[in-house]
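Results of the structural survey
Listed below, chain by chain, are the residues.
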Amino acid sequence: MLASQSNWIFTYKDDENARYSDIENLPYSTIVKQLLWQRGLKSEKEIHDFLQPNLENLHDPSLFSTIESAVNRVEKAIELGGESILVYGDYDADGVTSTTVMVEALREKGAMCDYYIPNRFTEGYGPNKAAFQEIHRQGFQLIITVDNGIAGTEEIAYANELGMDVIITDHHEVQEELPDALAIIHPKCAEDYPFKELAGVGVAFKFATQLLGYFPKKFLDLVAIGTIADLVPLVGENRVLVSYGLKEMATTERIGLQALKKQCSIDGQVTEEDIGFRIGPRLNAVGRLQDANIAVDLLLATDQEEAEELVQYVQELNKERQKIVANIAEEAIELLEQSGNTEEMDVLVVAKEGWNQGVLGIVASRLVQTYHRPAIVLAIDPELETAKGSARSIEGFDLFKNGMKHKDLFTHFGGHAQAAGMTLPRKNIEPLRKALDQQAKTILTEEDFKPQLKIDATIPLKDIDIAVIKELEQLAPFGMNNPKPNFHIEATPPIELRQIGATKNHLKVKLEQAGTVMDGIGFGLGAFFHQLSKESKLEAVVELQINEWNGIRKPQVFLKDLAVSEWQLFDYRGQQSWLKHIDPTCSDQYFVYFKENLYQDVIDAVEARQVIEEKKTVNALYLLDLPNTLEELTFLLQKVESSRIYACFQARESSYFTTLPTREEFKWLYQLILQRQFFDYKVDAPKLASYKGWKLEKIKFMFQVFHELNFVTREGGRIIPTQSPEKKDLTASSLYQSLQEQRKVEETLYLSSYPQLKAWIDQQLNTGAVPEEEMVYGL
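Cut-offs and rules
Residues numbered from 1 in each chain as written. Predicted model: local features only at pLDDT ≥ 70, side-chain atom pairs only at ≥ 80, totals over all residues. Heavy atoms only, no water. Helix = DSSP H or I, 4+ residues; strand = E, 2+ residues; numbered from the N terminus. Rg over C-alpha atoms; globule rule 2.2 N^0.38 Å. Buried < 20%, exposed > 50% of the residue type's maximum accessible area, 1.4 Å probe, protein only. Contact = heavy atoms within 4.5 Å. Pairing = 2+ DSSP bridges. Polar contact = N/O pair within 3.5 Å; in protein donor to acceptor, adjacent residues only side chain to side chain. Axes fitted to C-alpha atoms, helices over the stretch in contact; angles between N-to-C directions. Parallel < 35°, antiparallel > 145°, perpendicular 65-115°, else oblique. Left-handed = near helix turned anticlockwise from the far one by under 90°. Nonpolar A, V, L, I, M, F, W, Y, C, P; charged D, E, K, R; others polar. Patch = residues over 30% accessible without salt bridge, like charges linked within 9 Å, V, L, I, M, F, W, Y side chains within 5 Å. Areas by Shrake-Rupley, 256 points an atom, 1.4 Å probe, with all protein chains shown as cover. Salt bridge = Lys/Arg side-chain N within 4 Å of Asp/Glu carboxyl O. Lys, Arg positive; Asp, Glu negative; His and termini not counted. Charge placed at Lys NZ, Arg CZ, Asp CG, Glu CD. pLDDT = per-residue confidence, 0-100. Expected span 1.5 Å × (residues − 1). Arc of directions from axis to C-beta. Core = buried A, V, L, I, M, F, W, Y, C linked by side-chain atoms within 4.5 Å. Right-handed = clockwise from strand over helix to strand, strands pointing away. Phe/Tyr/Trp six-rings, centres within 6.5 Å; stacked < 30°, edge-to-face > 60°. Lys NZ or Arg CZ within 6 Å of the ring centre and 35° of its normal.

What the protein chain contains, in helices and strands, is 26 helices and 26 strands. Taken over C-alpha atoms, the radius of gyration comes to 37 Å for the protein chain, far larger than the 28 Å a tight globule of 779 residues would show. Across the 779 residues that make up the protein chain, the buried fraction comes to 51%. If you take every contact in the protein chain between residues at least 6 apart in sequence, the share linking residues at least 24 apart comes to 68%.

Right, here's the structure in full:
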């Protein structure tokens with residue numbers, strides 16, 4: 001048995017096909033129709049709009065209730081000729097792309113404008129009075145917030161007192177009290193606007209469209225970056241904007257983006273993964289370590305040399321960010337391990353002086369991935385005696401809801417179910433940990449501490465081909481609310497299993513199912529190699545891919561998780577190298593030998609034991625040599641329960657090829673002695689061996705049995721028959737029984753095939769000892 005790393009959640013039912021009869025006539029494969037149905041697309045029009053995104057399906061920006069007031073105020077500022085407009089942005093990728101879109105739109109319109117992004121460390125997120133005061137001092141009369149502002153009730157009121165007008169464009173959660181702004185452009189504040197899930201850059205784009213009076217397609221590359229990076233649902237308008245934005249990215253004329261794509265080794269088509277894993281993290285890295293203005297400067301750059309210098313600086317910041325994250329994550333894990341009771345903690349809270357606040361959310365995510373528990377990571381300010389940081393959670397534990405139950409412990413707290421940010425007095429760190437840990441213990445079960453992996457369908461290997469994979473690509477771009485499909489591969493034995501990569505941390509497999517062979521690759525799954533028997537029936541959760549090598553394209557599966565539902569047999573019989581296959585990741589292994597003559601160095605190397613102790617359960621059971629009897633092994637298997645059994649039998653003194661004489665052969669030899677009345681072993685044994693074609697060992701064994709049964713005696717160098725011996729069966733001889741038993745053991749455990757050995761062990765595990773004849777012939 002091999003437990004999966006994640007909880008597999010099958011999102012479909014056996015009768016799913018019957019449920020999408022309304023779309024069964026559409027020209028798509030069964031698997032694609034099933035996926036469309038699961039995504040809530042149940043009519044021909046919905047499916048058409050989803051698979052073929054069209055700019056005509058975007059909603060009119062005028063549906064935002066106060067957008068005309070905002071446009072009029074900007075046009076008034078331009079007409080007056082002396083009013084300056086400031087775009088007030090945010091320091092993440094959504095914020096810097098929103099800022100860029102708004103600045104470019106205003107400049108195209110002819111406005112005098114500039115931008116300001118607050119410092120993450122000294123100012124924090126959103127509007128602040130000190131910044132507004134400085135903005136007023138510099139002579140700005142109009143502020144346009146992008147990707148922030150909806151929570152700045154006091155700050156907007158302060159701006160009004162200073163005589164500045166504020167236009168808010170935002171997408172974050174609406175608070176109980178709305179700011180008294182000149183205009184609020186926010187999908188959740190506009191009753192008539194149908195789509196509520198725009199990113200900050202999406203809202204800024206809508207305002208820019210209304211302001212310019214035409215559809216500015218040239219901004220869509222920026223919209224795609226901010227939308228993907230901010231992890232908003234990639235459905236509805238977001239899907240349309242991103243689909244076209246990715247195409248715009250491929251041919252972008254922005255010098256800054258061209259330089260950034262080159263740095264990221266992106267050429268030709270751009271995917272959502274390119275943005276999510278390459279471009280987005282680099283833009284985010286700037287604001288995590290210093291002022292995010294550099295990221296905006298890069299996106300606004302019009303000079304090639306300047307753009308290349310800026311992108312190189314951004315690249316260095318991203319490398320530094322990676323190092324800082326790695327160092328803090330290592331320190332955080334060390335602190336947790338030093339506590340000695342990590343497994344007893346249901347919520348992890350770790351804090352230290354000197355940690356960079358800008359990366360603590362990433363570190364918290366790393367801890368969640370490592371421990372599968374909610375994690376809070378805090379940087380302590382020793383002067384202010386405060387702690388500030390981020391939290392990430394798992395399914396089943398709502399950070400915001402549970403955190404709000406202890407809001408008295410925080411100075412500031414905000415977020416949602418899976419992520420939160422907070423500031424609190426240093427003295428409250430331990431009370432917070434205890435309070436959240438106690439709550440988690442009442443809410444979470446053992447299964448909750450495993451990540452969830454949602455599975456869209458079970459697919460036979462024979463149904464996986466390039467055509468199906470290309471058809472699935474129509475569902476892209478993938479993201480929130482439109483995840484890349486995960487498929488379940490039913491139990492099938494791998495025909496190849498090996499570790500790859502410089503550090504052997506990846507897994508390469510070949511799966512076979514009903515004659516179809518499929519390659520599979522699992523990045524970061526190299527440790528599974530020691531936990532999988534090549535003959536075990538392997539279940540997998542996979543994504544489908546096309547692998548291209550030397551111009552040859554073929555389908556392959558990308559492994560996300562693996563499982564084996566039954567106990568596994570690892571067959572290293574007769575292999576001297578079995579020691580190399582010991583699982584280094586397994587903490588509970590049991591090595592057993594049966595005979596005293598097992599090599600002592602092997603016993604010492606693995607701390608093997610011969611005495612069977614109390615009944616126990618272990619992860620791995622290693623059988624180092626053959627037992628003296630089958631019953632001896634049966635007793636062990638009933639005593640020690642294990643999901644993995646390693647047969648490492650070494651038959652160093654095999655008796656199987658020392659043929660067991662038949663009864664007829666015993667009878668013939670005994671009659672010969674009776675007739676001759678003597679047998680001179682030294683003289684006659686070689687002659688007999690030559691005459692009958694027997695080995696000398698066989699003749700010697702037969703005489704040893706006769707002697708044990710008192711059928712013969714010795715007189716000098718001659719063997720003579722005993723006069724009137726007691727009638728006995730051959731099985732009365734312990735020598736005969738021993739050889740017979742040893743042959744039975746070897747035949748059952750050493751010379752049997754893999755299926756035969758596994759079936760015999762299965763029988764012992766399930767029913768215990770079996771009749772003697774079944775042990776030998778019942779395989």
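Attention shifts here to the sheet that holds strand β17 (residues 516-522). A sheet is described by the order of its strands in space; here seven strands give the open sequence β13-β14-β18-β19-β17-β16-β15, paired in mixed fashion. The sheet is open, and its two edges are formed by β13 (457-458) and β15 (494-500), each paired on a single side. Judged from the three bridges that link them, β17 and strand β19 (residues 552-563) form a sheet pairing that is parallel. Residue pairing in the sheet places Asp 519 in a bridge with Gln 556 of β19.

This part is about the side chain of Ser 533. Summarising the element assignment, Ser 533 is placed in the loop between β17 and β18 (538-549). Among the residues examined, Ser 533 registers a relative accessible area of 3% and is labelled buried. A distance of 2.7 Å separates a polar atom in the side chain of Ser 533 from the backbone oxygen of Leu 569. When residues no more than four places from it in sequence are discounted, the contact partners of Ser 533 are Pro 494, Gln 568, Leu 569, Phe 570 and Tyr 754.

Look at helix α4 (residues 67-80) against helix α8 (residues 200-212): their axes get within 10 Å of each other, and the N-to-C directions meet at 60°. With respect to α8, the element α4 is oriented oblique. Once α4 is placed against α8, the crossing between them reads as right-handed. Note on element contacts: α8 touches α4 through Lys 206, Phe 207, Gln 210 and Leu 211, opposite Ile 67, Glu 68, Ala 70, Val 71 and Val 74. A per-class count over the contact of α4 with α8 returns six nonpolar, one polar and two charged.

Next up on the list: a negative patch on the surface. Side chains of Asp 303, Glu 305, Glu 306, Glu 308 and Glu 309 sit close together on the surface and give a patch of like negative charge. Residue placement: Glu 308 occurs in helix α14 (residues 304-339). Given a relative accessible area of 42%, Glu 308 falls into the partly exposed group.

Residues with a pLDDT of 70 or more make up 94% of the protein chain, whose mean pLDDT is 90. The element-level mean pLDDT for the protein chain is lowest in helix α26 (residues 772-777), coming to 34, with α8 highest at 98. Contacts from residues 769-779, a stretch scored under 50 in pLDDT, to residues over four places away or in other chains number 20 contacts.

This paragraph deals with the environment of Gln 290. Turning to its location among the elements, Gln 290 is positioned in the loop between α12 (272-289) and α13 (293-300). Looking at Gln 290, the relative accessible area reads 24%, which means it is partly exposed. For the pair Gln 290 and Asn 119, spaced 171 residues apart in sequence, the C-alpha to C-alpha distance is 7.1 Å. Discounting residues that sit within four places of it in the chain, Gln 290 has contacts with Asn 119, Phe 121, Tyr 313 and Leu 317. Looking at Gln 290, its side chain comes within polar contact range of the side chain of Tyr 313, at 2.8 Å.

Another aspect to go through is α4. With 14 residues, α4 extends 20 Å from end C-alpha to end C-alpha; this agrees with the ideal 20 Å at 1.5 Å per step. When we look at burial in α4, the residues that qualify are Ile 67, Ala 70, Val 71, Arg 73, Val 74 and Ala 77. Looking straight down α4, one finds that the buried residues subtend no more than 160° of arc, so they occupy a single side. Along α4, exposed side chains directed more than 90 degrees from the buried face belong to Glu 79 and Leu 80. Where α4 is buried, its residues touch β2 (84-88), α5 (93-109), β4 (140-146), β5 (165-169), β6 (183-185) and α8. Of the residues one or two after α4, Gly 81 is the one with positive phi, at around 80°.

Formed by 122 residues in total, the largest nonpolar core has its most connected members in Leu 106 and Phe 207. Among the elements that line this core, the one with the most residues is α14, at eleven residues. Each residue touching Leu 106, except ones within four places of it in the same chain, is listed here: Val 74, Ile 85, Val 87, Ala 111, Cys 113, Ile 144 and Leu 211. Leu 36, Ile 47, Ile 464 and Leu 507 belong to the second-largest nonpolar core, a separate cluster that totals 40 residues.

One open sheet holds the five strands; their spatial order is β3-β2-β4-β5-β6, and the pairing between them is parallel. Looking at strand neighbours, the two that pair on one side only are β3 (112-116) and β6, the edges of this open sheet. In this sheet, adjacent strand axes meet at a mean angle of 20° when their direction is disregarded. Pairing geometry for β2 and β4, over five bridges, is parallel. Considered in β4, the bridge of Tyr 88 is made with Thr 145.

Bringing the side chain of His 406 into the picture now. Mapped onto the fold, His 406 is located in the loop between α16 (399-404) and β10 (412-415). Once residues within four sequence positions are removed from consideration, His 406 is found in contact with Ala 435, Leu 436 and Gln 439.

Moving on to the pattern of salt bridges. Under the defined criterion, the tally for this structure stands at 33 salt bridges. Between Glu 430 and Arg 433 there is a salt bridge, and its shortest N-O distance comes to 2.8 Å. Residue Glu 430 and its partner Arg 433 are both found in helix α17 (residues 429-443); the two are separated by three residues, about one turn of the helix. Glu 430 gets classed as partly exposed once you look at its relative accessible area, which sits at 37%. A relative accessible area of 19% places Arg 433 in the buried class.

The two faces of the sheet receive side chains in turn, since in a regular strand these alternate between them. By the criterion of burial, β5 is predominantly enclosed, with four of the five residues buried. For the crossover from β4 across helix α7 (residues 153-161) to β5, the handedness is right-handed. In terms of strand pairing, β5 meets β6 through three bridges, oriented parallel. Along β6, the bridge assignment pairs Ile 168 with Ile 184.

The next thing to look at is α13. Of all eight residues in α13, six are buried, a share of seventy percent or more. Every buried residue of α13 is listed here: Ile 294, Ala 295, Val 296, Leu 298, Leu 299 and Leu 300. Where α13 is buried, its residues contact α5, β3, α9 (220-229), α11 (255-263), α12 and α14.

Turning our eyes to something else, we now look at the pairing of strand β21 (residues 589-592). Because side chains alternate across β21, one face comprises the buried residues Gln 589 and Phe 591, and the other comprises Tyr 590 and Val 592, equally buried. Where β21 meets strand β22 (residues 616-623), four bridges bridge the pair, whose relative direction is parallel. Residue pairing in the sheet places Tyr 590 in a bridge with Leu 621 of β22.

Moving on: the packing of aromatic side chains. Under the defined criterion, the tally for this structure stands at 22 aromatic pairs. Here the aromatic rings of Trp 668 and Trp 694 are separated by 6.0 Å at their centres, their planes lie at 80°, and the arrangement is edge-to-face. Taken together, the residues Trp 668 in helix α21 (residues 663-676) and Trp 694 in the loop between α22 (681-692) and α23 (696-708) connect sequence positions 26 residues apart. The exposure class of Trp 694 is buried, given its relative accessible area of 9%. Judged by centre distance (6.2 Å) and plane angle (40°), the rings of Phe 706 and Phe 711 are tilted. We note that Phe 706, like Phe 711, is buried. What links up through ring pairs into an aromatic cluster is the set Phe 666, Tyr 670, Phe 679, Tyr 681, Phe 703, Phe 706, Phe 711 and Tyr 736. We note Lys 247 situated over the ring of Tyr 244; from NZ or CZ to the ring centre the distance is 5.0 Å.

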